[in-house]
Amino acid sequence: MEHEHSSPGLFAGKAGIALAVLLAAAGFYLYSEHRAHLFGALPWLLLLACPLMHIFMHHGHGGHEHK
């Protein structure tokens, strides 16, 4: 049997761990400093999610038939 060689994941190794820590710190900063903006925009984002899900998940108003 031959084994397939797969590449390591994005967060494997020292560089990946550093990237994960950097992303976590940036996410925490954005959440803590811009929480009011995020919660103020949340109702609008939910309303925007409806037509976007309809377009991308149902492929528009063409119907729900599978071809």
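Structural notes, computed from the coordinates. (Residues numbered from 1 in each chain as written. Predicted model: local features only at pLDDT ≥ 70, side-chain atom pairs only at ≥ 80, totals over all residues. Heavy atoms only, no water.)

1. With respect to helix α2 (residues 35-58)
- Its 24 residues place the ends of α2 32 Å apart at the C-alpha level, agreeing with the 34 Å of an ideal helix rising 1.5 Å per residue.
- If you look at α2, its biggest bend is around 45°, right at Leu42, and the proline Pro43 turns up within four residues after that. (Helix = DSSP H or I, 4+ residues; strand = E, 2+ residues; numbered from the N terminus. Expected span 1.5 Å × (residues − 1). Bend = angle between axes of the 7 residues up to and from the residue.)

2. Remarks on a nonpolar patch on the surface
- Together, Tyr31, Leu38, Phe39, Leu42, Leu45, Leu46, Leu48, Leu52, Met53, Ile55, Phe56 and Met57 make up a nonpolar patch on the protein surface, roughly 1200 Å² of accessible area in all.
- Among the elements that line the nonpolar patch, the one with the most residues is α2, at 11 residues.
- Here Leu52 lies in helix α2.
- Among the residues examined, Leu52 registers a relative accessible area of 39% and is labelled partly exposed. (Patch = residues over 30% accessible without salt bridge, like charges linked within 9 Å, V, L, I, M, F, W, Y side chains within 5 Å. Areas by Shrake-Rupley, 256 points an atom, 1.4 Å probe, with all protein chains shown as cover. Salt bridge = Lys/Arg side-chain N within 4 Å of Asp/Glu carboxyl O. Buried < 20%, exposed > 50% of the residue type's maximum accessible area, 1.4 Å probe, protein only.)

3. Concerning the packing of helix α1 (residues 13-33) against α2
- Axis separation between α1 and α2 bottoms out at 4 Å; the angle between their running directions is 75°. The angle between the axes of α1 and α2 places the two elements in the roughly perpendicular class. Here Leu30, Tyr31, Ser32 and Glu33 of α1 come into contact with α2, specifically with Arg35, Leu38 and Phe39. (Axes fitted to C-alpha atoms, helices over the stretch in contact; angles between N-to-C directions. Parallel < 35°, antiparallel > 145°, perpendicular 65-115°, else oblique. Contact = heavy atoms within 4.5 Å.)

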